[in-house]
Structures are given as structure tokens and as C-alpha cells.
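# A look at the structure
Here's the letter readout for the chains.
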Amino acid sequence: MSTTTQSSGRLRRRTEGDNALGAWLLAGPMAIVLTIFLVVPIAMLIVVSFLDYNSVQILWSFVLQNYQDALTSVVTWKTFGVTIEYAVITWVIAVSLGFWIAYFLAFEVRSTTWQMALFLLCSVPFLTSNIIRTISWIPALGRNGIVNTLLLHLHVIHQPLTFLLYSKFAIILAFVHLDTLFMITPIFNSMMRIDRTLIEAARDNGAGFWRTILNVILPLSKSGIGIGTIFVITLVMGDFVSVSIMGGGQSASVGIMIQNEISLLQYPAAAANSVILLAIVLLMVFLILRVIDIRKEL
Amino acid sequence: MGGERRGLAFYLLAVLFAVFVLFLYGPIATIVILSFQGPNGGLTFPMNGVSLHWFHALFQQQMVGDFGGAVTRSIMLALMVMVANVVLAVAGGMAFRRRFRGATLLFYLVIASLIVPSLLVSLGIGLFFSQLGVDPAWYSSAFGAQLTWTLPFGLLIMFAVFNRFNKSWEEAARDLGAGPWRSFQHVVLPIILPGVVGIALFGFSLSYDEFPRTMMTAGDSNTLPLEVFAMTANVTTPVIYALGTLTTGFSALIIVAALTTMAVLRKRRLARAI
């Protein structure tokens, strides 16, 4: 008996050793791809942000000029400010919309088939082109667009509204349109894990609709809200496609500023702004993780 | 709970949901309709006749550059990303079922890959390649750049799949003398196959439509999203809607094909289980 246990113990130990090696053989290719195409490029970005440049090329000498230029420019501060503003407004709308949509799917729709079908309906657009989805707002919002025509027809307004397109309104609309799914999915996922008996218990103890939501569902969906928040914030902060299409070339964002510097071949300046952007995004993620523990979702 | 009467909340939220779906699909529906504008029609309603004029124009237009080439490159690249995404994400998913040194670090790296803004990944890879003296190209730098976006989704899908995976099947295979590869091939793979199709779908679709990560990494030859973005700046006719209709239709076709395959696979497995 004791020999069997011993040998099986040895066997287990050997398979565990094989396992670790096997696991690295399996995970290795992914680790290599992410090292070459994520870790090294970001390191490169940081290095280049400290290099000098002239009008044609990067010069390999260490300077702090790029950061000095960025941090002493009022335009840069304003651009970062407006980008954070986009992120915050989009977040407020996405989280309110996302919470109720997810709540509807998770608790009000009762058949699993319908839940999955309706969830799919929300997520399919994610797999189509963001650029096309953004452009598709133009016929609705333009000066002679659907919204203006309709409102004029109904005599709600007497002159076409001009703030609908190429404006902050249009930019936020596009962000909400593209990114709310990133809020719905993790919240829906957290809500589906909530033990249904807890809600029955709350009801049995006399909690109404709002008290059940505030005291049971909301706290238990917090990690989903946290993940969704990280997604929405990082997507908006790094965007330049939506802002350039919906802003009509007049609106600023950090992404557009970096993009402009790239087209002027000012790579070290673009890299410095990129590093500042990355630092702000990581700080935001850090703060979200301080408020909300998302580990139980992972 | 099933027999309970629907409350007011259900009806209000159902309306909200319907409005949200309309908000999601309405705009794309309008450009599909407007892409059939008559030859004198503009970018918005009213429809000035109905024609296929703008679809013809799309294929005749030479000024946008190498349009056919862009489509071919985008599809080739999407197929490459799809295959690599499936292989790397499934292998990675298998690895994460065990504890191994560095697993947490690798996991954080995968999550970082989702969080770092695409523009920065694109710029970083562009700088890296130019400093190496290697010309960026769609099949090298853009391929890697897109994988940094598709792999995290692939791995998270694998996590979801293995969360519901019953290990006893695999143990049974091992007890019957199957080696790791045979038990993967005959036991694990058939069970996770619908999830694998999902990973393939994400790999293909996200690559096919990817713009920011491709922008600085595609080199001299454009992919389709780069052509489309260039068109947004200087095309003022419904030809851009025709392009939108075609490319969205193509994406929809891929999605439907993948979902049908997943449904068939699931049904077949259930039938076999009985």
C-alpha cells in the first residue's frame, strides 16, 4: 500500500514537472508575440520620447525637450483636458445605459435562448467596421439630415440645428454608439453570476424594486462595472478616428494631436505625448482598481 | 419565478432596449438605403431615384488608389490573423489550465494588450521597425500589431470555455491510455470546437476592420480600412456608402457563417451525447 502511494506521488511530481515545461511550450508563442509587438514597441516609444529630432530624422541624443515642450504648451493641456472630458461624459452615459440594458437582459428576460439572442443582437455590430459605423451618422445628423428634416417638418424648430454634426455632441454620440457594448458585456457577465435566491430573499424581506437594485444587484455587479469602465475610458482616451470624422477636422483630441505630429514626422514629440497619455490611462486604471476589486471576475 | 407577472419595469426597459437596438442598427440601415441613390443623389435623403450607380462607381474609381489590392490584402491578412489567433489562443488557453511560473505576469501582459491605446501600439511598432531598418509591411508588422488586439479576446474566450469544461472526460481518455496529443485531438478539441470557431470569428473580423493598429504598421500597401479612412476625408458622394454597404454585408456574412457553424457543432454534440 505504502509503495503504491509513494510511486503515485513520484508519478504526480514528474507529471507536474512536465506540466510546467508543457505549459510554457504552449504559452510561449503567445508570450513571444506580445513581447515583440507590445513590450518592445512600448519600450521603444519611451526611449524615442527622450530623443532629439530635426525636420527629417530622429537624432540619438538624450533630451528632455519633448516633455518640456508638451508640458509647457497650453494647447497640450487643453487637448488633454478635452479628451478627459470626452471620456468622462461618455462613461456617464455608457454606464447608465449599459447597466439598465444588462439588467434587462439578465433579470427581466427570462428564457436563456432569448437572453443569448438579444445579447448577440447588441454585440454583432462590434464585429463590423468602426469607421463605417461612424460615417453612417452623417446622413442622420447633417444640416439637411434626417433629424433636421423631421424636426423642421414637425415645426419643432424653424432653422436646421447645426450642433448635430461636426461638434462635441456628435463626437460623444459616436463614442456612446461604439463603446457602450464594452460596458454591457462585463456588467451582464457579473449579473448572470448573481445567485437568484439572493434576490428572492431580498423580496421576501420586503425590499422593493429599487432597494433590491441598490442593495443587492448594484454591489454584486461592481466588478463588471469596473471592467466596463476601464474599457470605455481607455477606448475614448486613445481614439482619433471618431473625433476626426465626427469633429469634422475642427475638434481636438490627444489621438489627433499625436497623429498630427506623426504626419509632420515629429516622432519624438508624438512619442512624448504618447507616454503622457499612457501614464494618464494607467493612472486612471489604477484608480479604478483601487475603488473596485475586479479580481473575482478573472 | 417563471410564472410571475411582468412588472412595469419590464415594459419600460423593453422600450429602452428596443430604442438602443434602433440606435445601434438605424444609422447603418440608412447608409445601406442611401447607397442605392440615383446617379444625381447626394449624401442624404431624399432618394433621387434608385440605382446601382455608386456600386459601379466604386469598382471603376481609380483615384482612390489600388482598391482591389487593398481588399485582397485585407482578406489575406484577416485569414493569417485568424489562423494565428486560433493556434496561439487555444495553446495559451491550454497552458493557463495549469499553474506555471510567470502565468500571472503573462496574464497581466495580455490584459495590458487590451488596455494600451491602439494608436500607441501602432506608433511603437512603426518606430521599432524603422529603427531596426526593416520596412513595415501588412504581412509582418501589421500582422503582429493586429494579433496584440485579437489575442486577448481569443484567450478570454478560451477562459470562458474552460470554465465550463468537465475535466473528467480528459481523465477518462488518459485512463484509457491516450497521450496528451490524442486526448486533445479526440476529447478536448471536439468539446471546445464551438469556442474555437468563436475565436476564429473574432480573429478574422477584428483584423478585417482594424484601423488604428494598422495605420503605422502596414507600410506602403494599404489595407481596406486605411482606404476607407482616406475616403472619409475626400469623398463626398454616396460611393462611400456603397463601400460601407459591401464591407458591412461581407462582415455580416462571416458572422452568420460562424454562428451557424457554432450552432450546428453544438447540436451535433448534444445529439451524440444522447
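Analysis parameters
- Residues numbered from 1 in each chain as written.
- Chains lettered and ligands numbered in written order.
- Predicted model: local features only at pLDDT ≥ 70, side-chain atom pairs only at ≥ 80, totals over all residues.
- Helix = DSSP H or I, 4+ residues; strand = E, 2+ residues; numbered from the N terminus.
- Buried ≥ 20, exposed ≤ 12 C-beta atoms within 10 Å, placed from the backbone.
- Contact = placed C-beta atoms within 7 Å.
- Rg over C-alpha atoms; globule rule 2.2 N^0.38 Å.
- Nonpolar A, V, L, I, M, F, W, Y, C, P; charged D, E, K, R; others polar.
- pLDDT = per-residue confidence, 0-100.
- Core = buried A, V, L, I, M, F, W, Y, C linked by C-beta atoms within 7 Å.
- Axes fitted to C-alpha atoms, helices over the stretch in contact; angles between N-to-C directions.
- Parallel < 35°, antiparallel > 145°, perpendicular 65-115°, else oblique.
- Left-handed = near helix turned anticlockwise from the far one by under 90°.
- Expected span 1.5 Å × (residues − 1).

Per the secondary structure count, chain B includes eleven helices and zero strands. Listing each helix as α and each strand as β along chain B from the N terminus yields α-α-α-α-α-α-α-α-α-α-α. The C-alpha extent of chain B, read off along each of the three principal axes, is 70 × 65 × 35 Å. Within the span of chain B, comprising 274 residues, buried residues form 42% of the whole. Taking the intrachain contacts of chain B between residues at least 6 apart in sequence as the baseline, contacts between residues at least 24 apart amount to 78%.

Right, let's talk about the overall build of chain A for a bit. Each helix and strand in chain A was counted, giving 14 helices and two strands. Over its C-alpha trace chain A gives a radius of gyration of 25 Å, far above what one expects of a compact globule, namely 19 Å for 298 residues. Overall size of chain A, expressed as C-alpha extent along the three principal axes, is 90 × 65 × 30 Å. Within chain A, the proportion of its 298 residues that are buried is 42%. Of the contacts formed within chain A by residues at least 6 apart in sequence, a portion of 70% connects residues at least 24 apart.

A separate point is the interface of chain A and chain B. Each partner contributes residues to the interface: chain A has 69 residues there, and chain B has 63 residues. Among the elements that take part in the side of chain A that touches chain B, helix α1 (residues 2-48) of chain A stands out by supplying 20 residues, more than any other. Looking at the side of chain A that touches chain B residue by residue, the class counts come to 52 nonpolar, 14 polar and three charged.

Here we come to the confidence of the model for chain A. Residue and element names in this part refer to chain A. Per-chain confidence: chain A averages 88 in pLDDT, with 92% of residues scoring 70 or above. Per-element averaging of pLDDT across chain A places α1 at the bottom with 76 and helix α3 (residues 74-108) at the top with 96. Every residue in residues 1-14 scores below 50 in pLDDT, and together they form zero contacts with partners more than four places removed in sequence or on other chains.

Attention shifts here to the nonpolar core. Grouped together as the largest cluster of nonpolar side chains are 149 residues, with contacts concentrated most on A:Leu45, A:Ala102, A:Ala170, A:Val232, B:Leu120, B:Leu123 and B:Ala200. No other element matches the 14 residues that α3(A) contributes to this core. When near neighbours in sequence (up to four residues on either side) are disregarded, A:Leu45 contacts A:Ala271, A:Ser274, A:Val275, B:Leu120, B:Leu123, B:Gly124 and B:Leu127.

Close reading of the predicted structure is inappropriate where its pLDDT is low. Summary statistics for chain B give a mean pLDDT of 89 and a share of 96% for residues scoring 70 or more. Confidence estimates for the predicted assembly give a pTM of 0.90 and an ipTM of 0.89.

Residue and element names in this part refer to chain A. Contact pair helix α13 (residues 254-263) / helix α14 (residues 267-291): the axes reach a minimum separation of 8 Å and the direction vectors enclose 160°. It follows that α13 is roughly antiparallel to α14 by the angle criterion. Where α13 crosses over α14, the handedness of that crossing is left-handed. Here Val254, Met257, Ile258, Glu261 and Ile262 of α13 lie close against α14, whose contacting residues are Tyr267, Ala269, Ala270, Asn273, Ser274 and Leu277. Of the residues in the contact of α13 with α14, the class split is eight nonpolar, two polar and one charged.

The next subject is helix α11 (residues 222-237) of chain A. The end-to-end C-alpha distance of α11(A), which contains 16 residues, comes to 22 Å, matching closely the 22 Å that a straight helix rising 1.5 Å per residue would cover. Extensive coverage of α11(A) is indicated by the burial of 15 of its 16 residues.

Position of B:Leu43 relative to the elements: it lies in the loop between α1 (8-34) and α2 (53-60). Separated by 219 residues in the primary sequence, B:Leu43 and B:Met262 have C-alpha atoms spaced 38 Å apart. Discounting chain neighbours no more than four positions away, the residues touching B:Leu43 are A:Ile138, A:Pro139, A:Gly142, B:Thr236 and B:Pro238.

Residue and element names in this part refer to chain A. In this model, Tyr166 sits at a positive phi of 55°, which is unusual for a non-glycine residue. For Tyr166, the location among the structural elements is in the loop between α7 (146-153) and α8 (168-192). Judged by local crowding, Tyr166 falls into the buried class, with 20 C-beta atoms found within 10 Å. Even without being a glycine, Leu265 presents a positive backbone phi close to 60°. Inspection of the secondary structure assignment puts Leu265 in the loop between α13 and α14.

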